[in-house]
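Coordinate inspection notes
Next come the chains, spelled out residue by residue.
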Amino acid sequence: MSGTGVGTRFYYPDVLVACQLNPAADTFQDQPVVIVEVLSESTRRTDENKKREACLSLDSLRQYILVESGLIAAVVHRLAGGGFQRETYIGADAVIDFPEIGCQLALSEVFEKIEFPPADAIEEMD
């Protein structure tokens, strides 16, 4: 993803879907339709603020997704009605629709091989 002119910022997302690709010689894509970021303690602030703000300003973007790393959950910022609407998906049964690219993603698939500590073990760590 990129911008042009003074103050250009480049962010490289964890996952990006682009339907209209840049030339093969480019090292970036500047027309993403879907961007996915996996949140961690070290990236959360940037992903939820500066990066989200920059991404939501892209004309091509339809969904900006923040996936939690410590629990089965995701927040989707979806373009609807002239602006981005926030949707929250929680639990293994949750499914995110991607109508722009004709597919769905079950959170159970995203977290398929991840084992979380039992809730009582998390409480003991606090």
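Mapping Glu 37 onto the fold places it in strand 2 (residues 32–38). Assessed through its relative accessible area of 1%, Glu 37 is described here as buried. A polar contact of 3.1 Å, which involves the side chain of Glu 37, links it to the side chain of Lys 51. Look past the residues within four positions of Glu 37 in its chain and what remains in contact with it is Tyr 12, Pro 13, Asp 14, Asp 47, Lys 51, Tyr 64, Ile 65, Leu 66 and Val 67.

Pairing within the open sheet is mixed, and its 5 strands lie in the order 1-2-3-4-5. Looking at strand neighbours, the two that pair on one side only are strand 1 (15–18) and strand 5 (83–90), the edges of this open sheet. Across the sheet, the axes of successive neighbouring strands diverge by a mean angle of 15 degrees, strand direction being ignored. Here strand 4 (residues 73–80) runs beside strand 5; their pairing, made up of 8 bridges, is antiparallel. Its bridge partner being in strand 5, His 77 is matched across the sheet by Arg 86.

Reading guide: rules and limits
Residues numbered from 1 in each chain as written. Predicted model: local features only at pLDDT ≥ 70, side-chain atom pairs only at ≥ 80, totals over all residues. Heavy atoms only, no water. Helix = DSSP H or I, 4+ residues; strand = E, 2+ residues; numbered from the N terminus. Buried < 20%, exposed > 50% of the residue type's maximum accessible area, 1.4 Å probe, protein only. Polar contact = N/O pair within 3.5 Å; in protein donor to acceptor, adjacent residues only side chain to side chain. Contact = heavy atoms within 4.5 Å. Pairing = 2+ DSSP bridges. Axes fitted to C-alpha atoms, helices over the stretch in contact; angles between N-to-C directions.

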